[in-house]
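Notes for the structure review
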Amino acid sequence: MIRVVRGGASSTLQDLGRPPAQRWGVPRGGAADRPAHQLANLLVGNDIDCATIEMTMIGDTFEVLTQTLVAWTGADLGLRVEYLGKNSPMPSRRPVLLQAGCRILGSSAARGCRAYLAVSGGFDVPLILGSRSTELRGQFGGWQGRKLRTGDHLSAGKPGSLSQAILQKLSVELTSETGFASVHWFHTECDSEAAPQRLRLLPGKHFPSLVDADQLYQMEYVISPRSDRMGYRLSGSALKFSAPLELLSTGLVPGTLQLPMDGQPILILADGAPTGGYPQIGYVISADMGLAAQLRPGDVLGFVRVDMKTAQLALRNQAAHLNAIENSIRLWARKG
Amino acid sequence: MSDAECEPELTPLGDAAVEISWPGIDSQLAWERCRAVSQRLGTANLHGFIVDVSGFESLTIHYDPLETNWDHICFELRALASSIEVSRFHATRKIDVPVCFDPEFGIDLADVARSCGIGEAQAIELFLETNYHVRMIGFAPGFPYLSGLPEQLFVPRLASPRDAVPAGSVSIANRQAGIYPHVSPGGWRILGRTPLKLFDPFRNPPALLQPGDCVKFFRISRRDFDQMFPGEA
């Protein structure tokens with residue numbers, strides 16, 4: 001059980017979203033940086049679709065009311081653990097067992113945009129349309145359909161056997177010094193050390209209609225502050241079509257680079273609508289969407305062209321890495 | 001119809017979705033083929049299939065690239081599309097939607113009638129006598145895009161969209177009609193308001209309308225509206 005002492009800039013419960021609900025006009029939703037979310041869950045022995053807290057730019061301050069096994073991944077939000085008047089950095093990318101009475105202190109992201117806090121058993125809220133993700137515009141799902149704020153009490157589901165094994169191993173190390181116990185190892189496979197310079201892009205269905213289309217791969221865009229979980233607005237030299245395109249609505253997927261009339265692209269993220277009528281000039285590959293989710297206003301972004309084989313292979317490799325991490329955590333947890 | 005016109009076009013939307021369409025044929029026929037594919041997908045057990053989302057005259061199939069790949073899903077989709085009999089689609093559901101044209105609700109009704117060179121009463125009559133079809137649900141949860149709007153009522157979108165269109169607003173733009181389920185920004189012209197709740201995440205299914213439905217609007221008075229839907233949405 002944890003209590004929100006002070007909400008972060010924009011913290012919401014997320015899991016892997018509700019893909020089948022797209023047929024009802026509902027965004028797929030879910031964690032914007034899926035690998036970081038999945039890693040946080042694996043580190044506490046959860047299934048990857050348990051709900052985590054996605055913290056954006058500024059972390060929350062939480063009070064830990066009962067002994068809790070957690071892990072945090074993604075952007076460097078400089079989380080610290082405060083206990084009995086002292087505080088120390090909260091280790092990231094590894095399991096951390098917190099003593100009852102600690103506080104987790106959030107601050108602003110030194111690098112990256114979104115961090116994920118997982119709790120063993122997953123955050124416990126009802127499934128709405130098959131998911132615990134927060135649909136902010138529709139005001140449903142997650143924590144009461146909204147961002148976390150002061151006074152919210154969050155509880156966790158029942159931890160599985162792997163969670164319990166991790167907790168057992170850490171509880172022998174728990175001291176009253178720092179208020180927490182952790183391990184010396186950590187996983188970096190899903191890290192974004194710095195904002196990516198270039199995202200891998202598949203050509204979009206309207207890419208051939210651009211004037212001098214290949215200049216897209218030379219462009220440098222700045223992420224505008226008018227960005228959120230629905231999408232990033234990119235600022236740069238305007239791209240143009242050889243003739244204006246009046247399009248009927250078609251399907252729209254996260255990762256799509258849309259080009260509206262003003263020539264400034266929009267990169268669709270997890271909360272984008274599942275249909276749209278703007279031209280589609282490219283698609284960021286699924287494997288790079290985690291990196292995309294770590295972009296913040298002011299970051300500079302470019303694109304590099306890849307083909308379908310490369311894109312799908314990259315995703316399979318990413319999944320294989322996460323499987324390897326899961327296996328190594330299981331082995332460690334079962335060791336005497 | 002020639003064989004070439006029967007072959008669908010398969011377009012990748014990134015590495016986890018594919019759009020199926022028939023660009024060479026009439027919009028209504030293309031949409032009917034998409035409906036047929038969508039219905040067949042329900043029982044086809046395509047490898048890695050997640051969900052299909054209707055567009056105005058296309059269908060997007062979301063799949064898991066960890067369970068299948070681009071080449072394989074195309075192969076399975078082409079086989080599925082070619083196994084479907086070419087026949088006309090008939091709506092299986094007909095939904096009657098009450099709409100109130102009270103001036104407080106029909107914010108753009110007078111302007112639309114004026115732009116079209118007809119009286120308000122005639123505009124309402126034209127709107128009500130048509131059978132509409134739900135082409136797709138999109139833009140917002142439960143928002144239906146309806147085809148069938150009479151030509152005499154074609155008006156463009158607003159030059160600048162409104163920040164907040166009231167929930168239940170029955171609206172038109174170009175050749176489409178739609179209903180805003182929830183308060184949202186919007187640029188379509190508002191003719192009236194329905195007391196029906198088009199989307200409820202706690203209902204099963206959550207959207208009142210689905211692609212393929214036939215929709216007919218009928219007029220209700222302000223008093224009837226207030227009784228069905230007291231207070232603001």
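Everything that follows concerns the structure shown earlier in this document.
Residues numbered from 1 in each chain as written. Chains lettered and ligands numbered in written order. Predicted model: local features only at pLDDT ≥ 70, side-chain atom pairs only at ≥ 80, totals over all residues. Heavy atoms only, no water.

**Topic: the sheet that holds strand β10 (residues 176-179) of chain B**
Residue and element names in this part refer to chain B.
- Taken together, seven strands build an open sheet; the order of strands is β5-β13-β6-β7-β10-β9-β12 and the sheet is mixed. Since the sheet does not close on itself, it has two edges, and those belong to β5 (94-99) and β12 (189-193), each with one partner. Between one strand axis and the next, the sheet turns through 35 degrees on average, direction left out of account.
- Where strand β9 (residues 169-173) and β10 come together, four bridges link them in antiparallel fashion. (Pairing = 2+ DSSP bridges. Helix = DSSP H or I, 4+ residues; strand = E, 2+ residues; numbered from the N terminus. Axes fitted to C-alpha atoms, helices over the stretch in contact; angles between N-to-C directions.)

**Structural notes on empty space enclosed by the protein**
Residues and elements named next belong to chain A.
- Counting across every chain of the model gives one cavity of 30 Å³ or more.
- In this structure, the largest cavity spans a volume of roughly 30 Å³.
- Lining the largest cavity, in full, are Ile2, Val64, Val70, Leu98, Ile104, Leu117, Val119 and Phe123.
- Looking at the lining of the largest cavity residue by residue, the classes come out as eight nonpolar, no polar and no charged. (1 Å grid on protein atoms, 1.4 Å probe; cavity = no way out; pocket = protein on both sides within 12 Å on 5 of 7 lines; lining within 4 Å. Points joined across faces, edges and corners; volume = space filled by probe spheres on them. Nonpolar A, V, L, I, M, F, W, Y, C, P; charged D, E, K, R; others polar.)

**Remarks on the layout of surface pockets**
- Space inside the second largest pocket adds up to approximately 1100 Å³.
- Along the walls of the second largest pocket sit 50 residues, with A:Leu16, A:Arg34, A:Gln38, B:Asp64 and B:Leu66 positioned nearest its centre.
- Elements that contribute at least two residues to the lining of the second largest pocket include exactly α1 (34-43), β20 (280-284), α3 (289-292) and α4 (308-334) of chain A together with β3 (49-54) and β4 (58-63) of chain B.
- When residues in the lining of the second largest pocket are grouped by element, the largest group, eight residues, is from α4(A).
- Across the lining of the second largest pocket, the residue classes tally to 29 nonpolar, 13 polar and eight charged.

**Overview of unusual backbone geometry**
- In this chain, B:Asn204 is followed by B:Pro205 through a cis amide linkage whose omega measures -5 degrees.
- Among the structural elements, B:Pro205 can be located in the loop between β12 and β13 (214-219).
- One non-glycine residue with positive phi stands out, namely A:Met57, at about 65 degrees.
- With respect to the element layout, A:Met57 can be found in the loop between β3 (52-56) and β4 (61-64).
- Accessibility expressed as a relative area gives 26% for A:Met57, which makes it partly exposed.
- Positive phi, close to 70 degrees, is recorded for B:Phe139, a residue that is not glycine.
- Structurally, B:Phe139 can be placed in the loop between β6 (132-137) and β7 (144-147).
- Owing to a relative accessible area of 26%, B:Phe139 belongs among the partly exposed residues under this scheme. (Buried < 20%, exposed > 50% of the residue type's maximum accessible area, 1.4 Å probe, protein only.)

**Quick notes on the interface of chain A and chain B**
- Each side of the interface is counted separately: chain A has 33 residues, and chain B has 41 residues.
- Here chain A and chain B share an interface that buries about 3100 Å² over both sides, 66% of which is from carbon and sulfur atoms.
- Summed over the shared surface of chain A and chain B, the number is one salt bridge.
- With a shortest N-O distance of 2.8 Å, B:Glu19 and A:Lys205 are connected by a salt bridge.
- Counting the contacts that link chain A with chain B gives nine residue pairs in polar contact (both at pLDDT 80 or more). (Contact = heavy atoms within 4.5 Å. Buried area = accessible area lost by both parts, 1.4 Å probe. Salt bridge = Lys/Arg side-chain N within 4 Å of Asp/Glu carboxyl O. Polar contact = N/O pair within 3.5 Å; in protein donor to acceptor, adjacent residues only side chain to side chain.)

**Notes on the packing of aromatic side chains**
- Inspection of every chain in the model, using the stated rule, returns 15 aromatic pairs over all chains.
- Between B:Phe139 and B:Phe143 the ring centres are 5.2 Å apart and the planes differ by 80 degrees, which places this aromatic pair in the edge-to-face class.
- Among the aromatic residues, those joined into a cluster by ring pairs are B:Phe139, B:Phe143, B:Tyr145, B:Tyr180 and B:Trp188.
- Sitting above the plane of the A:Trp332 ring, A:Lys169 keeps its charged end 5.4 Å from the centroid.
- Directly above the ring of B:Phe56 sits B:Arg135, whose terminal nitrogen or CZ lies 4.6 Å from the centroid. (Phe/Tyr/Trp six-rings, centres within 6.5 Å; stacked < 30°, edge-to-face > 60°. Lys NZ or Arg CZ within 6 Å of the ring centre and 35° of its normal.)

**A few points about the nonpolar core**
- Counting 32 residues, the largest nonpolar core has B:Val18, B:Ile20, B:Trp22, B:Val37, B:Leu41 and B:Leu77 as the members making the most contacts within it.
- The residues contacting B:Val37, other than those within four sequence positions of it, are B:Ile20, B:Trp22, B:Leu59, B:Leu80 and B:Ile84. (Core = buried A, V, L, I, M, F, W, Y, C linked by side-chain atoms within 4.5 Å.)

**Considerations on the pairing of strand β13 (residues 198-203) of chain A**
All names here are of chain A.
- Sheet topology note: the β13/strand β21 (residues 300-305) ladder contains four bridges and is parallel. By the bridge assignment, Arg200 is partnered in β21 with Val304.
- Bridge count for β13 against β20 is three bridges, and the pairing is antiparallel. By the bridge assignment, Pro203 is partnered in β20 with Gly282.

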